[in-house]
Amino acid sequence: MSSAKHLVASIVHFLNDQMQNGGLASDAVESLEVAIQCLESAYGVSGADDSLRPTVPLLDIFQDFTGNLDAADDLPPEASPENKAEAEKLKVEGNNLMREEKLEEAIDSYSKAIALDGRNAIFYCNRAAAHSKLNNYQQSIADAKRALKIDATYSKAYARLGLAYASLGQHEDSRDAYARAVELEPDNESYKNNLKLAQEKLSGTSPVLMGGEPNLANLGPIGSMLGNSNLTAMVSQVLAHPYLHDMLNDIVSADPQAGGGAMDALLRAGQQLAAQMQSANPELVEQLRRQMDTQNEQNNGSSDGAPPAP
């Protein structure tokens, strides 16, 4: 489909959403129906085709581009209780899809929730997370900003913004976003670690062992990971978890004649460690994953652009 047709399809979806949720008078709705029919006929598009619905609503794209996010009347009208309830169900569906790594489907669910209730900051913030996982960082930034327009004290939206900026190499913007997240939630270790990481990127500093020890920079991505003070702090925090101590005791005490008992315990400990690290600082884990992906792409000389396997 040409860009012009795709744009017209986006306009048709926007007009359909306005008809359903824009609080328009009946004569205005009738006028929009005629306009939609004319556009569909002229360009051969269909508003019933959800595959043509833009992942970021057309109005959000326009407002982000023109810088009109500060106007109070930019927000859509308050949703009805019925629409709010249905939107909440769609949000839960999107969250479940995210856990299953069905990211495109999750974005679709969040978009449908937003169409029903465009004043819920959580929907935009969750969709920003899905966009980041698909490396759609500009869309993630637009969604995070929209969430903050609705709720300027939403610390998680600032964290989403910080992650997207960091992924684009915009470390000053990333630092500012994480600084605001820490200001709003000062006890959040994940936000503090990522703020420190952004500050290190800006200052050009990186931990290097001195006194004759090997330079970690020579070890490639593994060296960068080992020299990352934020990663070290996170691993120390995770290893203090009592459940992991029990796992390690199982490994040490496993009977070598028991047919893989030690190996099973080791695998369980590794899985638990990965889960605890993801829970402790998901943004840092995501940055480390991207760092490894970038290094692998450079080593292989090419990339198919597909998201990494879980």
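Residues numbered from 1 in each chain as written. Predicted model: local features only at pLDDT ≥ 70, side-chain atom pairs only at ≥ 80, totals over all residues. Heavy atoms only, no water.

- Within an unreviewed UniProt entry, the label attached to the chain reads SGTA homodimerisation domain-containing protein, and the organism entered is Megalurothrips usitatus.

Section: helix α2 (residues 26–43)
In an α-helix there are 3.6 residues to a turn, and that puts residues three or four apart on one side.
Argument step 1. With 18 residues, α2 ought to run about 26 Å at 1.5 Å a step, and its terminal C-alpha atoms sit 26 Å apart, in line with that.
Argument step 2. Those residues of α2 that sit buried are V29, L32 and I36. Seen along its axis, α2 keeps its buried residues to an arc of 60°; they face one direction. Every exposed residue of α2 that faces more than 90 degrees away from the buried side is listed here: D27, E30, Q37, S41 and A42.
Argument step 3. Directly beyond the C-terminal end of α2, a positive phi value near 65° is found at G44. (Helix = DSSP H or I, 4+ residues; strand = E, 2+ residues; numbered from the N terminus. Expected span 1.5 Å × (residues − 1). Buried < 20%, exposed > 50% of the residue type's maximum accessible area, 1.4 Å probe, protein only. Arc of directions from axis to C-beta.)

Observations regarding the nonpolar core
Argument step 1. In this structure, A147, L148, Y154, A157 and L161 are the most contacted members of the largest nonpolar core, which totals 28 residues.
Argument step 2. Among the elements of the structure, α4 (81–99), α5 (103–116), α6 (121–133), α7 (137–150), α8 (155–167), α9 (171–184) and α10 (189–203) are those that each provide at least two residues to this core.
Argument step 3. With seven residues, the top contributor of residues to this core is α8.
Argument step 4. Sequence-distant contacts of A147, that is, excluding residues within four places in its chain, are made with A121, Y124, C125, Y154 and A157.
Argument step 5. Core analysis: the second largest hydrophobic core is formed by nine residues, L97, A106, Y110 and A129 among them. (Core = buried A, V, L, I, M, F, W, Y, C linked by side-chain atoms within 4.5 Å. Contact = heavy atoms within 4.5 Å.)

Considering the packing of α4 against α5
Argument step 1. At a closest axis distance of 8 Å, the pairing of α4 and α5 adopts a crossing angle of 165°. Viewed along their axes, α4 and α5 adopt a mutual orientation that is roughly antiparallel. Every pair of crossing elements has a handedness; the one defined by α4 and α5 is left-handed. Residues N83, E86, A87, L90, K91, E93, G94, N95, L97 and M98 of α4 lie in contact with α5, whose contacting residues are L103, E105, A106, S109, Y110, K112, A113 and L116.
Argument step 2. Class assignment for the residues of the contact of α4 with α5 results in nine nonpolar, four polar and five charged. (Axes fitted to C-alpha atoms, helices over the stretch in contact; angles between N-to-C directions. Parallel < 35°, antiparallel > 145°, perpendicular 65-115°, else oblique. Left-handed = near helix turned anticlockwise from the far one by under 90°. Nonpolar A, V, L, I, M, F, W, Y, C, P; charged D, E, K, R; others polar.)

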